[in-house]
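For reference, the chains in residue letters:
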Amino acid sequence: MCLIAHKPAQAPLTDSDLDRIRVGYSNNPDGAGIMYPVSSGIRVIKGLMDVESLVHLLQSRDWTGTPLTVHCRIGTHGENSPSNTHPFPISGVYSDLRATRLTCPVGLVHNGIITTPHDLVEGASDTMGFISRYLAPLARLGATTDQLADIAGLTGSKFALMGTGGDTTLVGTFSRAHGWYWSNESYKPRPAVTRPVV
């Protein structure tokens, strides 16, 4: 069902956090991506198809004072490919939605399944269809990040939307642990199963 992990600006990125992200990736192994603010908008880097690429990217800079959202995907709709990993820009243009490196005004990650009717191009995910059909037209009309989050919330799924300056709106129930917000507990190691000897 995917994992969203959001680090507020004041939270650190520790070795223990990286371990939790490794576990989250192993439980949601269909690719990953991150988003964070830069001076020109929200930077999206996705299409990380193995855990070490994700960890290497996270270790490549100092995240002190920077909000950061990490998404680990487990595919439910659309192909398992770099272009279907999250985050996505709020755009109605599928080439934007499929781009693995871009800067945009608002970035979005999703955890859940969207059953709202939407048009999908071949191989696209439910999230891409929802953004293209519902959120992008509202953004073109001037909807704020909070308004887009309200519409996303109608799906019953969980989302994180990051806008200007890294302001992030979490939609749905997230737990706070270790200074981060988590959309579910798939970042926790699964207990070992022991079988009785017969």
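What counts and what doesn't
- Residues numbered from 1 in each chain as written.
- Predicted model: local features only at pLDDT ≥ 70, side-chain atom pairs only at ≥ 80, totals over all residues.
- Heavy atoms only, no water.
- Salt bridge = Lys/Arg side-chain N within 4 Å of Asp/Glu carboxyl O.
- Helix = DSSP H or I, 4+ residues; strand = E, 2+ residues; numbered from the N terminus.
- Buried < 20%, exposed > 50% of the residue type's maximum accessible area, 1.4 Å probe, protein only.
- Phe/Tyr/Trp six-rings, centres within 6.5 Å; stacked < 30°, edge-to-face > 60°.
- Lys NZ or Arg CZ within 6 Å of the ring centre and 35° of its normal.
- 1 Å grid on protein atoms, 1.4 Å probe; cavity = no way out; pocket = protein on both sides within 12 Å on 5 of 7 lines; lining within 4 Å.
- Points joined across faces, edges and corners; volume = space filled by probe spheres on them.
- Nonpolar A, V, L, I, M, F, W, Y, C, P; charged D, E, K, R; others polar.
- Polar contact = N/O pair within 3.5 Å; in protein donor to acceptor, adjacent residues only side chain to side chain.

A. The pattern of salt bridges, seen in detail. Under the criterion given, the structure shown has four salt bridges. Across the pair Arg-22 and Asp-19 runs a salt bridge whose closest N-O atoms are separated by 3.1 Å. Separated by three residues within a single helix, Arg-22 and Asp-19 lie in helix H1 (residues 15-27), roughly one turn from each other. Classification of Asp-19 as partly exposed rests on a relative accessible area of 43%. For the salt bridge of Glu-52 with Arg-22, the shortest nitrogen-to-oxygen distance reads 3.6 Å. Residue Glu-52 is located in helix H2 (residues 51-59), and its partner Arg-22 is located in helix H1; the two are separated by 30 residues in the primary sequence. For Glu-52, a relative accessible area of 44% corresponds to the partly exposed category. Residue class for Arg-22 comes out partly exposed when judged on its relative accessible area of 27%. By sharing partners, the salt bridges in this structure join Asp-19, Arg-22 and Glu-52 into a single network.

B. Layout of the packing of aromatic side chains. If you walk through the whole model with that rule in mind, you get five aromatic pairs. Ring geometry for Phe-130 versus Tyr-134: centroids 5.4 Å apart, planes at 35°, classification tilted. Linking Phe-130 with Tyr-134, this pair stays in helix H4 (residues 126-140), spanning four residues, or about one helical turn. Seen from their ring centres, Phe-130 and Phe-159 are 6.2 Å apart, and the 35° between their planes marks the pair as tilted. Note that Phe-130 is positioned in helix H4 and Phe-159 in strand E8 (residues 158-162), a separation of 29 residues in sequence. A connected cluster of aromatic rings, assembled from ring pairs, spans Phe-130, Tyr-134 and Phe-159. A cation over a ring is seen here: Arg-61 above Trp-63, with NZ or CZ 4.3 Å from the ring centre.

C. How the structure looks around empty space enclosed by the protein. Going through the model one piece at a time under the given rule, you end up with one cavity of 30 Å³ or more. Of the volumes computed, that of the largest cavity is approximately 70 Å³. The wall of the largest cavity is formed by 11 residues, among which Cys-2, Thr-76, His-86, Asp-126 and Thr-127 lie closest to the centre. Looking at the lining of the largest cavity, its residues break down into two nonpolar, seven polar and two charged.

D. Main features of the side chain of Asn-27. Looking at the secondary structure, you find Asn-27 in helix H1. Asn-27 gets classed as buried once you look at its relative accessible area, which sits at 13%. Within the structure, Asn-27 has its side chain in polar contact with the backbone oxygen of Ser-186 (distance 2.8 Å).

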